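# Tertiary structure, described
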Amino acid sequence: MQYSQKVLDHFMHPHNVGKMENPDVVATEGSPACGDQVTVYLKVDEETKKIEDISFLSYGCASNIATASIITDLAKGKTLEEAKKITWRDAMEALDGLPPVKVHCSVLAADTLQTAISDYEIAHGLKEVPNFGKETILEELKKIIYPQVGEDIVSLKMVKYVGFDKGEVLIDMNMMSFDQWRDNVAEEIREHLGKYPEVKNIQINFP
Ligand code: FES
């Protein structure tokens, strides 16, 4: 597998690594694709809403460490509003790319940062808890990467229909039975949506 020099540098000498004492918020996310995890710690200035300090712990692969390292670099010193705009694509770009099967590692790092920001905002009354609905489902599906090409399943038009009614999620997928990643994607969908208390049942249909 071909890694860029930047990925190797951040893997060998990660920035902002380690547990933080007295953080304002801690978030941990796991990737259903591989079982790896990232924890992000934030310290936020209450007045300016700037990220004063950020660190991470990784329980995962080389790309997991490299993307968490770069994403914490990108977020440090930014306001929460600015940091909210940081995506996995920014992390990939800053690292000069990742192999397609490793793109999900950057999604995990970006997701964990966003969860930490969102948790901070909710805890400090800066944000209302959004109503769960089709929008939330679509946002979650955009975080699921089709490993073969390293793009999310919504951009790849693999999602034909999304419905939500009284706790029932219905998703029609555009993936053939011979697709080797079908079960893996279905499992990721269940993991992503299953964490919402509003979701009682998830039905995924394939052609
Ligand atoms: Fe799991 Fe990279 S293979 S985060």
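Residues numbered from 1 in each chain as written. Predicted model: local features only at pLDDT ≥ 70, side-chain atom pairs only at ≥ 80, totals over all residues. Heavy atoms only, no water.

### So, the nonpolar core
So the rule is basically this: Side-chain atoms within 4.5 Å link the members of a nonpolar core, which is a set of buried Ala, Val, Leu, Ile, Met, Phe, Trp, Tyr and Cys residues. Each residue gets one of three labels from its accessible area relative to the maximum for its type: buried under 20%, exposed over 50%, partly exposed in between, using a 1.4 Å probe on protein chains only. Runs of H or I in DSSP of at least four residues are treated as helices and runs of E of at least two as strands, each being numbered from the N terminus. We call two residues in contact whenever any of their non-hydrogen atoms come within 4.5 Å of each other.
Formed by 34 residues in total, the largest nonpolar core has its most connected members in L42 and L113. Elements with a minimum of two residues in this core: strand 1 (25-30), strand 2 (37-44), strand 3 (51-59), helix 2 (62-75), helix 3 (80-83), helix 4 (88-94) and helix 5 (103-123). It is helix 5 that provides the largest number of residues to this core, a total of nine residues. Non-local contacts of L113, meaning those with residues more than four positions away in its chain, are made with V40, L42, I54, I71, A75, A83 and I86. One finds I137, M158, I171 and L193 within the second-largest nonpolar core, a separate group that totals 21 residues.

### Quick notes on the confidence of the model for the protein chain
Predicted coordinates in regions of low pLDDT should not be interpreted in detail. We apply this condition: Note: pLDDT gives the predictor's confidence per residue, expressed from 0 to 100.
Averaged over the protein chain, the pLDDT score is 92; the fraction of residues at 70 or greater is 98%. Within the protein chain, helix 3 carries the highest mean pLDDT (98), whereas strand 5 (residues 151-152) carries the lowest (87).

### With respect to the sheet that holds strand 7 (residues 168-173)
Threshold: A pair of strands counts as paired when DSSP detects no fewer than two bridges linking them. What counts as an axis is a line fitted to C-alpha atoms, over the stretch in contact for a helix, and the angles between N-to-C directions run from 0 to 180 degrees.
In space, the three strands of this open sheet follow the order 6-7-8, with mixed pairing throughout. A strand with exactly one partner marks an edge of an open sheet, and here the two such strands are strand 6 (159-165) and strand 8 (201-205). In this sheet, adjacent strand axes meet at a mean angle of 10° when their direction is disregarded. As paired elements, strand 7 and strand 8 share five bridges and run parallel to each other. Residue pairing in the sheet places L170 in a bridge with Q203 of strand 8.

### Overview of the sheet that holds strand 3
On the basis of which strands lie adjacent, the open sheet formed by three strands has the order 1-2-3 and antiparallel pairing. The open sheet has two free edges, formed respectively by strand 1 and strand 3, since each of these has just one partner strand. The sheet shows a mean angle of 15° between the axes of neighbouring strands, direction not considered. Here strand 1 runs beside strand 2; their pairing, made up of six bridges, is antiparallel. Bridge pairing in strand 2 links T28 to T39. Sheet strands in contact with helix 2 are strand 2 and strand 3, and its direction is about 175° off that of strand 3.

### Side note on the layout of surface pockets
To keep it simple, the criterion reads: Lining residues are defined by having an atom within 4 Å of a point belonging to a cavity or pocket. Those points lie on a 1 Å grid over the protein atoms alone, cavities being sets where a 1.4 Å probe fits but cannot get out and pockets being open sets with protein on both sides within 12 Å along at least five of seven lines. Grid points are joined across faces, edges and corners, and a volume is the space filled by probe spheres set on the points.
Considering only enclosed or pocket space, the largest pocket measures out at about 1000 Å³ in volume. Together, 33 residues line the largest pocket, and Q114, T115, E140, K143 and Y196 are the ones closest to its centre. Of all the secondary structure elements, the ones that give two or more residues to the lining of the largest pocket are helix 4, helix 5 and helix 6 (134-141). The element contributing the most residues to the lining of the largest pocket is helix 5, with ten residues.

### Some words on the environment of A91
Within the secondary structure, A91 sits in helix 4. For A91, a relative accessible area of 0% corresponds to the buried category. Between the alpha carbons of A91 and K157 there is a distance of 23 Å; along the sequence they are 66 residues apart.

### Side note on the packing of helix 1 (residues 5-12) against helix 2
Put simply, the rule reads: For classification purposes, an angle smaller than 35 degrees is called roughly parallel, one larger than 145 roughly antiparallel, one from 65 to 115 roughly perpendicular, and anything else oblique. Any residue outside Ala, Val, Leu, Ile, Met, Phe, Trp, Tyr, Cys, Pro, Asp, Glu, Lys and Arg is labelled polar, Gly included; the first ten of those are nonpolar and the last four are charged.
Interhelical geometry of helix 1 versus helix 2 gives an angle of 90° and a closest axis separation of 8 Å. Considering the angle they form, helix 1 stands roughly perpendicular to helix 2. The residues of helix 2 that touch helix 1, namely those facing V7, H10 and F11, are A62, I65, A66, S69, I70 and D73. Of the residues assigned to the contact of helix 1 with helix 2, the class counts are six nonpolar, two polar and one charged.

### A few points about a negative patch on the surface
Condition: Here the term patch refers to residues with relative accessible area over 30% and no salt bridge, with like charges joined within 9 Å and nonpolar side chains (Val, Leu, Ile, Met, Phe, Trp, Tyr) within 5 Å. Methods summary: accessible areas were calculated by the Shrake-Rupley approach with a probe of 1.4 Å, and residue burial reflects only the protein chains presented. When a carboxyl oxygen of Asp or Glu is within 4 Å of a side-chain nitrogen of Lys or Arg, the pair counts as a salt bridge. Positive residues here are Lys and Arg, negative ones are Asp and Glu, while His and the chain termini are left out of the count. To locate a charge, take atom NZ for lysine, CZ for arginine, CG for aspartate or CD for glutamate.
Side chains of D24, E46, E47 and E52 sit close together on the surface and give a patch of like negative charge. Within the secondary structure, E47 is located in the loop between strand 2 and strand 3.

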